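# A closer look at the structure
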Amino acid sequence: MPMRLQLVWLLVLSIPVACVAWTVTHEEIFREPREYCQRQAREAIGMFTRKCFYVFTCEYCFSHYVAAVFLLITRFKLLYPDWRGYLIAGFSLIWVANVYMSLFARIRLEVKRLI
């Protein structure tokens, strides 16, 4: 795949990764499951259990798993045609998705401030 097309794929594929990660970790539709996960992340007895529940409350953490699922679905690779392409694509998707989420959070905060 040509480099320009890979970059377009990276920028576009990061949008649904960011959307899913943000929706699960911030939006009202998932409030009850998120509050349960937050409680479990604070109160669960084992460290492993606490960390597993924490993943669903942190957009950065959750975006790793969402990106992995999107890589499995699309088989998108970046720069290399082998396993290294998946690795680079995965971390690149996560980084761009988190930039998108940061921009969205900032815009949302500005809109709320203006209202």
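Small disclaimer: the values here were computed from a predicted structure and weren't measured.

Once that is clear, we can look at the layout of surface pockets. If a probe as big as a water molecule is rolled over the atoms, it shows which places are left empty. One number sums up the size of the largest pocket: a volume of about 160 Å³. In terms of lining, the largest pocket is formed by His64, Ala67, Ala68, Leu71, Leu72, Arg75, Tyr86, Leu87, Gly90, Phe91 and Ile94. When residues of the lining of the largest pocket are traced back to their parent elements, those giving at least two are helix 4 (59-74) and helix 5 (83-114). Classifying every residue of the lining of the largest pocket gives eight nonpolar, two polar and one charged.

Moving on, we get to the packing of aromatic side chains. Two aromatic rings, taken as a pair, are described by how far apart their centres are and by the angle between their planes. In total, this model carries four aromatic pairs according to the counting rule given. Aromatic pair Trp22 and Phe104: ring centres 5.2 Å apart, planes at 85 degrees, arrangement edge-to-face. Taken together, the positions of Trp22 in helix 1 (residues 3-26) and Phe104 in helix 5 put the pair 82 residues apart, joining distant regions of the chain. The partly exposed category is assigned to Phe104, whose relative accessible area is 40%. Plain terms: the ring middles of Tyr36 and Phe53 are 5.7 Å apart, the flat faces sit at 85 degrees to each other, and that makes the pair edge-to-face.

On the secondary structure map, Gln40 appears in helix 2 (residues 31-43). Of the residues examined, Gln40 reaches a relative accessible area of 21% and is grouped as partly exposed. Separated by ten residues in the primary sequence, Gln40 and Arg50 have C-alpha atoms spaced 6.2 Å apart.

Parameters and conventions
Residues numbered from 1 in each chain as written. Predicted model: local features only at pLDDT ≥ 70, side-chain atom pairs only at ≥ 80, totals over all residues. Heavy atoms only, no water. 1 Å grid on protein atoms, 1.4 Å probe; cavity = no way out; pocket = protein on both sides within 12 Å on 5 of 7 lines; lining within 4 Å. Points joined across faces, edges and corners; volume = space filled by probe spheres on them. Helix = DSSP H or I, 4+ residues; strand = E, 2+ residues; numbered from the N terminus. Nonpolar A, V, L, I, M, F, W, Y, C, P; charged D, E, K, R; others polar. Phe/Tyr/Trp six-rings, centres within 6.5 Å; stacked < 30°, edge-to-face > 60°. Buried < 20%, exposed > 50% of the residue type's maximum accessible area, 1.4 Å probe, protein only.

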